[in-house]
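Understanding the architecture of this molecule
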Amino acid sequence: MIEIKKVSKSFDEQPVLNGVELIIEDGSSHVIIGRSGCGKSVLLKHIVGLLKPDEGDIWVDNVSVVSMRRRELYKTRVKIGMLFQGSALFDSMNVEENISLGVREHRMFPHDEISDRVAAKLELVDLHGIQKKFPSELSGGMKKRVSLARALMMEPKYMLYDEPTTGLDPVMADAINDLIISVRDRLGVTSIVVTHDMASAYKVGDHISMLHEGLVNFSGTPDEIRKSKNRVVQNFITGNQVVVA
Ligand SMILES: Nc1ncnc2c1ncn2[C@@H]1O[C@H](COP(=O)(O)OP(=O)(O)OP(=O)(O)O)[C@@H](O)[C@H]1O
Ligand SMILES: [Mg+2]
């Protein structure tokens, strides 16, 4: 379980998060929505320990990430895979090198198993035989899949997805949504998905939370959010993003 406890964070005295509270139950897929710039990526970076809160705490499996020592933090990070907003592949490395980089660094598997494991993960994301291709030869959707394969190599307990479908055509976006669901259901990976695409949110989320003005202003099931009377929530989910305070 991941618990976000009253997390606040400012940059240059500009508050971005202002007491965010959120619980991500094991086995669930939790979608976080909110307007551009509201702090969704910042929140994900706190969960993986890339940013430290000014106040509050983040607990992963009952241990505080904030007060962890480096070695512990390292161990916890391995449990959490992240698909970054850009796909964050290294242009100078081919697909196989990109996917195996993390497990080689962490020495997670014997050397001679790695290429079979890379092939298996590529299979899982519906890509075959592209090990020797370079990122510049791949489409946006393929890059996302390769990044997902790379994150899954570490066999994470949690996967964080930052805007996994942005910039993809509707068919590819839907294929990525299906993959997120299958990673949750087949591998039992708890998922946090940041998106501003409501079609994706409804499809992959069994829980949806909205971030607004530094706080979670709504948290509930897709059905509950559809029925919410909160005007800010309704404006957002019906596509009218002009929010009246
Ligand atoms: N490292 C940083 N230093 C300074 N300001 C930052 C930093 N990271 C994020 N911010 C600021 O925090 C705010 C929230 O950024 P964040 O990237 O979390 O938005 P977001 O909700 O993910 O938006 P989008 O939907 O466009 O991706 C923005 O105003 C951004 O400029
Ligand atoms: Mg973002």
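Everything discussed here concerns the structure shown above.
Conventions adopted
- Residues numbered from 1 in each chain as written.
- Chains lettered and ligands numbered in written order.
- Predicted model: local features only at pLDDT ≥ 70, side-chain atom pairs only at ≥ 80, totals over all residues.
- Heavy atoms only, no water.
- Donors = N, O, S within 2.8 Å, 3.2 Å for Na, K, Ca; no water.
- Helix = DSSP H or I, 4+ residues; strand = E, 2+ residues; numbered from the N terminus.
- Near = heavy atom within 4 Å.
- Polar contact = N/O pair within 3.5 Å; in protein donor to acceptor, adjacent residues only side chain to side chain.
- Nonpolar A, V, L, I, M, F, W, Y, C, P; charged D, E, K, R; others polar.
- Buried < 20%, exposed > 50% of the residue type's maximum accessible area, 1.4 Å probe, protein only.
- Arc of directions from axis to C-beta.
- Contact = heavy atoms within 4.5 Å.
- Axes fitted to C-alpha atoms, helices over the stretch in contact; angles between N-to-C directions.
- Parallel < 35°, antiparallel > 145°, perpendicular 65-115°, else oblique.
- Left-handed = near helix turned anticlockwise from the far one by under 90°.

Bringing the coordination of the magnesium ion (ligand 2) into the picture now. Looking at the magnesium ion (ligand 2), the protein donor atoms are S41 (OG) and Q85 (OE1), and they sit 2.0 to 2.5 Å from it. Of this pair, S41 sits in helix α1 (residues 40–47) while Q85 sits in the loop between β6 (80–83) and α3 (95–105); the two residues are 44 residues apart in sequence, bridging distant segments of the chain.

This part takes up the site of ligand 1. Close to ligand 1 lie 13 residues, the nearest being S36, G37, K40, S41 and V42. S41 has a polar side-chain atom sitting 2.9 Å from an oxygen atom of ligand 1. Sorting elements by how many residues they give to the shell around ligand 1 places α1 first, with 3 residues. Counted by class, the shell around ligand 1 contains 4 nonpolar, 6 polar and 3 charged residues.

Turning our eyes to something else, we now look at helix α4 (residues 114–124). For α4, the set of buried residues is I114, V118, K121, L122 and L124. In a view along the axis of α4, the buried residues occupy a sector of 155°, so they form one face of it. Packed against the buried residues of α4 are α3, α5 (140–153) and α6 (170–187).

Moving on: the packing of α4 against α5. Each pair of packed helices gets described by two things: the angle between the helix axes and the distance between those axes. At a minimum axis separation of 9 Å, α4 and α5 run at an interaxial angle of 130°. Accordingly, the angle class assigned to the pair α4 and α5 is oblique. Relative to α5, α4 is oriented so that their crossing is right-handed. Where α4 abuts α5, its residues I114, R117, V118, K121 and L124 lie against A149, L152 and M153.

Interpretation note: all reported values are geometric properties and have no functional meaning in isolation.
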